[in-house]
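# Observations on the three-dimensional arrangement
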Amino acid sequence: MLKVRDIRTFYGNIQALKGITLEIAEGEIITLIGGNGAGKSTTLMSICGVVPPRCGEIFFRGTPIHDMSPEKIVALGICQVPEGRRIFPGLTVKENLEMGAFLRRDAQGIKSDIDHVFDLFPILAQRRNQAGGTLSGGEQQMLAISRALMARPKLLLLDEPSLGLAPLIIQQIFEIIKKINTESKTTIFLVEQNANLALKVAHRGYVMENGLITMSDSAANLLGNEDVKKAYLGL
Ligand code: ATP
């Protein structure tokens with residue numbers, strides 16, 4: 001579904017990605033783990049066109065997207081939930097969801113997708129007329145994921161969904177991530193510092209350090225890998 005070939009991405013003179021190559025197959029949950037500043041968010045932002053790579057190639061279902069605008073990339077079916085959630089605080093939950101469907105014209109489909117995300121996250125149904133900014137951190141994360149789902153993405157990019165949330169809420173969010181993958185057949189690319197949880201829901205994983213991929217294996221093998229245990233699992 002997605003092929004990333006040797007991308008190099010810069011912020012001015014700072015090189016954040018030093019040649020990243022990875023692949024995601026349809027239906028997979030792939031996780032990218034690594035420490036602070038490794039380049040995980042930059043990898044996601046390069047894929048969705050917000051910080052395009054200076055060189056290298058990215059193909060989505062065979063279409064080159066490395067030179068495409070973020071709007072066109074969204075229209076192809078790639079949707080990102082950025083770190084820090086960034087919902088519209090002054091809009092209600094329902095209005096935030098409607099914003100996620102801004103490229104769609106099928107009013108009936110939009111209505112049934114809102115019902116679907118309310119089934120996934122019943123707390124959002126209760127809060128449907130409440131301003132997004134008044135929600136708790138966990139509820140805002142649920143809203144950010146739901147808003148992305150309203151675009152009916154084929155590939156969902158999640159940046160640190162666990163950041164700053166209580167363990168119980170994180171558990172809940174990861175269960176929903178798994179459900180989104182199995183029930184709506186959405187392929188998921190999950191960037192996480194919480195490597196333990198990410199590797200438990202993912203099929204495969206990549207480890208990133210200092211702008212480079214240093215390891216790639218099945219999630220089960222990475223969970224059992226001594227170097228990964230020491231560096232990222234606190235074991
Ligand atoms: P974190 O988990 O802390 O978000 P990360 O693995 O997602 O880290 P990135 O945010 O992709 O890492 O950052 C990769 C490198 O690029 C870091 O050295 C960072 O300082 C640098 N960087 C990120 N954003 C910018 C920016 N807007 N301007 C300059 N440098 C940046």
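This text follows the structure it describes.
A brief structural summary. From a predicted model like this one, the values you see are computed outputs, not experimental measurements. (Residues numbered from 1 in each chain as written. Predicted model: local features only at pLDDT ≥ 70, side-chain atom pairs only at ≥ 80, totals over all residues. Heavy atoms only, no water.)

### Notes on the site of the ligand
As a reminder, the rule being used: The rule for a residue being near a molecule or strand is that one of its heavy atoms must lie within 4 Å of it. For the purposes of these results, a polar contact is taken to be a pair of N or O atoms within 3.5 Å, where, inside protein, one atom must be able to donate a hydrogen and its partner to accept one; residues adjacent in sequence count only when each atom of the pair is a side-chain atom. Residue exposure ignores everything except the shown protein chains as possible cover, and the areas themselves are Shrake-Rupley values with a 1.4 Å probe. The helix count covers DSSP runs of H or I at least four residues long, the strand count covers runs of E at least two residues long, and both are numbered beginning at the N terminus.
Around the ligand sit 14 residues, and of these Asn36, Gly37, Lys40, Ser41 and Thr42 come closest. The contact in question runs from an oxygen atom of the ligand to an N or O atom on the side chain of Asn36, over 2.8 Å. Take Gly39: an N or O atom from its main chain is 2.9 Å from an oxygen atom of the ligand. Here the ligand has 630 Å² of accessible area as a free molecule, and 62% of this is covered by the chains. Mapped onto the shell around the ligand, the elements with two or more residues apiece are strand E2 (14-24) and helix H1 (40-47). Considering every element that reaches the shell around the ligand, the biggest residue donor is H1, with three residues.

### Observations regarding the packing of helix H3 (residues 93-100) against helix H4 (residues 107-120)
Put simply, the test is: The angle between two axes is taken between their N-to-C directions and runs from 0 to 180 degrees, where each axis is a line fitted to C-alpha atoms and a helix contributes only its stretch in contact. The labels follow the angle: roughly parallel below 35 degrees, roughly antiparallel above 145, roughly perpendicular from 65 to 115, and oblique for the rest. Crossing handedness is read from the near helix: turned anticlockwise from the far helix by less than a right angle, it gives a left-handed crossing, and turned clockwise, a right-handed one. Residues count as neighbours in contact if any of their non-hydrogen atoms are within 4.5 Å of one another.
With their axes 11 Å apart at the nearest point, H3 and H4 run at an angle of 120° to one another. With respect to their mutual orientation, H3 and H4 come out oblique. Viewed along their axes, H3 and H4 form a crossing whose handedness is right-handed. Residue-level contacts link Val93, Leu97 and Glu98 of H3 to Ile114, Val117 and Phe118 of H4.

### Focus on H3
Stated precisely, the cut-off is as follows: Residue exposure (1.4 Å probe, protein chains only): buried if accessible area is under 20% of the type maximum, exposed if over 50%, otherwise partly exposed. Think of the arc as the fan of directions from the helix axis to the C-beta atoms.
When H3 is considered as a whole, its buried residues turn out to be Val93, Asn96, Leu97 and Gly100. Looking straight down H3, one finds its buried side chains confined to an arc of 100°; they lie on one side. Where the residues of H3 are buried, they touch H4, helix H5 (122-126) and helix H6 (137-149).

### Regarding the sheet that holds strand E1 (residues 2-11)
Sheet strands line up and pair through hydrogen bonds in the backbone, either parallel or antiparallel. Note the following rule: By the convention used here, strands pair only if DSSP detects at least 2 bridges between them.
Strand order in this open sheet of four strands is E2-E1-E4-E5, and the pairing throughout is antiparallel. A single partner strand is all that each edge strand has here, and the edge strands are E2 and strand E5 (63-64). Sheet topology note: the E1/E2 ladder contains eight bridges and is antiparallel. Across the sheet, the residue bridging to Phe10 is Gln15, located in E2. Strand contacts of H1: E1, E2 and strand E4 (55-60), with the helix running at about 115° to E1, the strand carrying the most contacts.

### A look at the pairing of strand E8 (residues 187-192)
The two faces of the sheet receive side chains in turn, since in a regular strand these alternate between them. Buried residues dominate E8, accounting for six of its six residues. Here E8 shows no split at all, with Thr187, Phe189 and Val191 on one side and Ile188, Leu190 and Glu192 on the other all buried. Note: strand E3 (residues 29-34) against E8, five bridges, orientation parallel. Paired with Thr31 across the strands is Leu190, a residue of E8.

### Re the environment of Glu95
Relative to the helices and strands, Glu95 resides in helix H3. For the pair Glu95 and Asn129, spaced 34 residues apart in sequence, the C-alpha separation works out to 8.4 Å. Looking at Glu95, its side chain comes within polar contact range of the main-chain nitrogen of Thr92, at 2.9 Å.

### A word on the sheet that holds strand E9 (residues 204-209)
Pairing within the open sheet is mixed, and its six strands lie in the order E6-E7-E8-E3-E9-E10. Looking at which strands have only one partner, the edges of the open sheet turn out to be strand E6 (78-81) and strand E10 (212-218). This sheet shows a mean twist of 15° between the axes of neighbouring strands, independent of strand direction. Relative to strand E7 (residues 155-159), E6 runs parallel, the two being bridged by four bridges. Bridge pairing in E7 places Cys79 opposite Leu156. Contacting E3, E7 and E8, helix H7 (residues 167-183) runs over the sheet at an angle of about 155° to E8.

### Examining the packing of aromatic side chains
Using the following cut-off: Stacked, tilted and edge-to-face pairs are distinguished by plane angle, under 30 degrees for stacked and over 60 for edge-to-face with tilted covering the rest, among Phe, Tyr and Trp rings (Trp via its six-membered ring) whose centres lie within 6.5 Å. Lysine and arginine charges are scored as sitting over a ring when NZ or CZ, respectively, is within 6 Å of the ring centre and within 35 degrees of the ring normal.
Throughout the structure, instances matching the rule amount to zero aromatic pairs. The lysine or arginine in question, Arg54, covers the ring of Phe10, its NZ or CZ lying 3.9 Å from the ring centre.

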